[in-house]
Amino acid sequence: MKQLQDYLTDLAGRGMLRTLREIESAQGPRVQIDGRDYLLLCSNNYLGLADHPALIEASCKATRDFGVGSGASRLISGSMSLHHQLEERIAQFKETEAALVYNTGYAANNGIIQGLLGPDDTVFSDSLNHASIIDGCRLSGARIVIYPHNDMVALEQLLQQETEQRSGRWLIVTDGVFSMDGDVAALPELVMLKQRYDAWLMVDDAHGGGVLGAIGRGTAEHFGCLDQVDLQMGTFGKAFGSFGAYLAARREVIDTLINRSRSFIFSTSLPPGVLAANVAAVDLVASEEGVRRRTQLEANRQLFSQILTEEGFDLCGSSTQIVPVLMGDPEPTMRAAAELFSRGIFLSGIRPPTVAPGTCRLRATLMADHTPTEVRHAAQLLIEVVREEMARA
Ligand SMILES: Cc1ncc(COP(=O)(O)O)c(C=O)c1O
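As the structure is a computational prediction, the values presented were derived from the model and not from experiment.

It is worth spelling out the nonpolar core at this point. Inside soluble globular proteins, nonpolar side chains tend to come together where they are buried. Counting 107 residues, the largest nonpolar core has L100, Y246, L247, A281 and L382 as the members making the most contacts within it. For this core, the element with the most residues is helix α12 (residues 272-285), which contributes ten residues. Split by domain, the residues of this core number at least three in each of domain 1 (19-46 + 290-392) and domain 2 (53-285). Apart from the residues within four sequence positions on either side, L247 is in contact with A99, L100, A108, I112, L231, Q232, M233 and L257.

Below, the structure written as structure tokens:
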């Protein structure tokens, strides 16, 4: 225990200690913390669906009809009609033969990559991919080749180099929208490379799903290449306002994962209330209301980014609702986040290992139901606080 205490003290001394902030209200554009009202600028509830009446009603009804728990993993006795209904809805939404629901995005990325690749295979992974992809690659035992972020020239060189020793399957895997930078994967080029080198392409669209594309089908819809992404992974916990994740793919991929994917096989399945909320969320995302919410989110994003760029801020190539402001070291980052909090804005500072050392940042995320006044206010305060912090340096 003393060792652990020393470890925690050391983290705190370096501005690296993580602690939990208790939120006393729903994940709306404003939240209550310690009885005080804060503007929430770090939630992934991008479309504001987390407390939407349609999701709440669907969840309550399913809970009343089918109970609270699913009782087991899917392969034992927990494969309920609602799992199948959700998978059919996702496959239809993504225009694939089939889909498989996972308990979380973390479990999905672990289980998909582990379930499809083995030691004879090679995975090409973007250097800024999410931790759950990195862990899935490691778990699979496949040879891992990391390519520089979104660098298609470098990726092609690596694919060429690897050709000589090629064996097994090749998988290129990328975030659709990068979670800490808010930029978008170069999907058209990735599709070209996957075709040229006969590789599979997997896109983790945790942050693009619901947000990008005319009906919210994500990054691949945005680029018009839905049918070229072999493995379309997405989550329900962000723009879809609920919880859980999925893979949409060909039937044989899904059937293989049902037989091999450890995070799918060895875990109690999602409960009825969550499954029903997810079906309602997909319906909403694809509806007129979904379009309206995406339009509002995009207007908020543009307003926020424009104010910051006009003031000379470098937004690291962000073109989405995730807007990073680079700070560098942990201490100034966390001081700035604390200062914003004291002024009524809840926005997280991001530190290693989530991002590389020296690239700590304030990561703002916009929501569809922030008002333009709130967006302007948040941008102005952010500018003020970051400038004050720079002046200290
Ligand atoms: C890109 C990306 N993939 C996967 C995940 C994991 O999803 P979940 O929160 O559902 O476990 C996250 C989430 O936080 C993410 O940002």
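Structure's up, so let's keep going.
The element strand β8 (residues 231-235) is extensively covered by neighbouring structure, given that five of its five residues are classed as buried. Both faces of β8 are covered, namely the face carrying L231, M233 and T235 and the face carrying Q232 and G234.

As a structural note, the neighbourhood of the ligand is formed by 14 residues, with T104, G105, H130, S179 and A206 the closest of them. It is helix α5 (residues 105-116) that contributes the most residues to the shell around the ligand, three residues altogether. Looking at the shell around the ligand residue by residue, the classes come out as three nonpolar, nine polar and two charged.

Now for the environment of L171. Along the chain, L171 turns up in strand β6 (residues 170-175). Its 24 C-beta neighbours within 10 Å are what place L171 among the buried residues. Residues L171 and L231, spaced 60 residues apart in sequence, show a C-alpha to C-alpha distance of 9.7 Å. Contact partners of L171, with chain neighbours within four places excluded, come to L117, D121, V123, A199, W200 and M202.

Read from one edge of the open sheet, three strands run β1-β2-β11, paired in mixed fashion. Sheet topology places β1 (30-33) and β11 (345-346) at the edges, where each strand pairs with a single neighbour. Pairing between strand β2 (residues 36-40) and β11: two bridges, direction parallel. Following the sheet pairing, L40 is matched in β11 by F346.

Another aspect to go through is the domain arrangement of the protein chain. Interface size is commonly expressed as the accessible surface area that is lost when the partners come together. Considered domain by domain, the protein chain is made up of domain 1 (19-46 + 290-392) and domain 2 (53-285). One C-alpha centre belongs to domain 1, the other to domain 2; they are set 27 Å apart. Taken together, the contact pairs 19 residues of domain 1 with 18 residues of domain 2. Elements with a minimum of two residues in the side of domain 1 that touches domain 2: α13 (288-310) and β10 (322-328). Tallied by class, residues from the side of domain 1 that touches domain 2 come to eight nonpolar, nine polar and two charged.

Our focus in this paragraph is the sheet that holds strand β13 (residues 360-365). Taken in spatial order, the three strands make up an open sheet running β10-β13-β12, and their pairing is antiparallel. With one partner strand each, in any of the chains shown, β10 and β12 (348-350) form the two edges of the open sheet. Across the sheet, the mean angle from the axis of one strand to that of its neighbour is 30 degrees, orientation sign disregarded.

When you line up the elements, L75 lands in helix α3 (residues 74-78). Sequence separation between L75 and S267 is 192 residues, and the spatial gap between their C-alpha atoms is 9.6 Å.

Parameters at a glance
- Residues numbered from 1 in each chain as written.
- Predicted model: local features only at pLDDT ≥ 70, side-chain atom pairs only at ≥ 80, totals over all residues.
- Core = buried A, V, L, I, M, F, W, Y, C linked by C-beta atoms within 7 Å.
- Buried ≥ 20, exposed ≤ 12 C-beta atoms within 10 Å, placed from the backbone.
- Helix = DSSP H or I, 4+ residues; strand = E, 2+ residues; numbered from the N terminus.
- Domains from an automatic or database assignment.
- Contact = placed C-beta atoms within 7 Å.
- Near = placed C-beta within 6 Å.
- Nonpolar A, V, L, I, M, F, W, Y, C, P; charged D, E, K, R; others polar.
- Pairing = 2+ DSSP bridges.
- Axes fitted to C-alpha atoms, helices over the stretch in contact; angles between N-to-C directions.

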